[in-house]
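# Descriptive structure summary
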Amino acid sequence: MHEPFKELVRAMENALDLRYHRAGSLVRLAPYLHARTAGRIGSPARLIKQAALTALVDGTERITKSTLEAVRLDHLAEQHYRPHTRTRTSTR
């Protein structure tokens, strides 16, 4: 992940006006945000905006990784992002 992307996330986070949001938490999630949005500039803006709206509506007034994961993105970003899941192997 590149520093300009991290700075973009920092700027978006600094613009948030959520009562219980922890400063720096989105910057720490920058690698996740980059992977989730394929590094496209519009996708993280939409993702953070929708997560902030959700946080206002549900009263939590903070953005967490769970909040971000609940937001659906544009088709290209969703197709690009495939979270790594552990597969279980049967021991039978």
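These remarks concern the structure in this document. For clarity, every value in this text was computed on a predicted model and none was experimentally measured. Residues take numbers from 1 onward in each chain, read along the sequence in its written order. Local features in this predicted model are restricted to residues of pLDDT 70 or higher, and side-chain atom pairs are both shown and tallied only at a pLDDT of 80 or more, whereas totals for entire chains, interfaces and linings draw on every residue. Note: side-chain values were computed over all heavy atoms of the structure, leaving out hydrogens and water.

## Some words on the overall build of the protein
- What counts as a helix is a DSSP run of H or I of at least four residues, what counts as a strand is a run of E of at least two, and both are numbered from the N terminus. A count of helical and extended segments in the protein gives six helices and zero strands.
- A 1.4 Å probe rolled over the protein chains alone gives each residue an accessible area, and that area as a share of the maximum for its type sets the label: buried under 20%, exposed over 50%, partly exposed in between. When the 92 residues of the protein are sorted by exposure, 34% land in the buried category.
- Accessible area for the protein stands at about 6,600 Å²; split by element, carbon and sulfur atoms hold 51% of it. Each accessible area value is a Shrake-Rupley result obtained with a 1.4 Å probe; residue values ignore everything except the protein chains displayed when judging cover.

## So, the packing of helix H1 (residues 3–14) against helix H3 (residues 30–37)
- An axis is simply a line fitted to the C-alpha atoms; with a helix, the fit covers only the stretch in contact. Between two such axes, the angle follows the N-to-C directions and lies from 0 to 180 degrees. Contact geometry of H1 with H3 gives a least axis separation of 10 Å together with a crossing angle of 105°. The orientation of H1 relative to H3 falls into the category roughly perpendicular. Between H1 and H3, the residues in contact are Phe5, Lys6 and Val9 and Ala30, Leu33, His34 and Thr37, respectively.
- Following the grouping adopted for this structure description, the nonpolar residues are Ala, Val, Leu, Ile, Met, Phe, Trp, Tyr, Cys and Pro, the charged ones are Asp, Glu, Lys and Arg, and the polar ones are all others, Gly among them. Split by residue class, the contact of H1 with H3 holds four nonpolar, two polar and one charged. Our angle categories are set so that under 35 degrees counts as roughly parallel, over 145 as roughly antiparallel, 65 to 115 as roughly perpendicular, and the remainder as oblique. Contacts are assigned to residue pairs that have any heavy atoms within 4.5 Å of one another.

## As for the nonpolar core
- Among the buried residues, those of types Ala, Val, Leu, Ile, Met, Phe, Trp, Tyr and Cys that are joined through side-chain atoms within 4.5 Å form a nonpolar core. Within the largest apolar cluster, 18 residues are counted, with the highest numbers of intra-cluster contacts made by Val9, Leu26, Leu33, Leu47, Ile48, Ile63 and Leu68.
- Those elements giving two or more residues to this core turn out to be H1, H3 and helix H4 (42–58).
- The biggest single contributor to this core is H4, with five residues.
- Leave out the neighbours within four places in its chain, and Val9 touches Leu26, Val27, Ala30 and Leu33.

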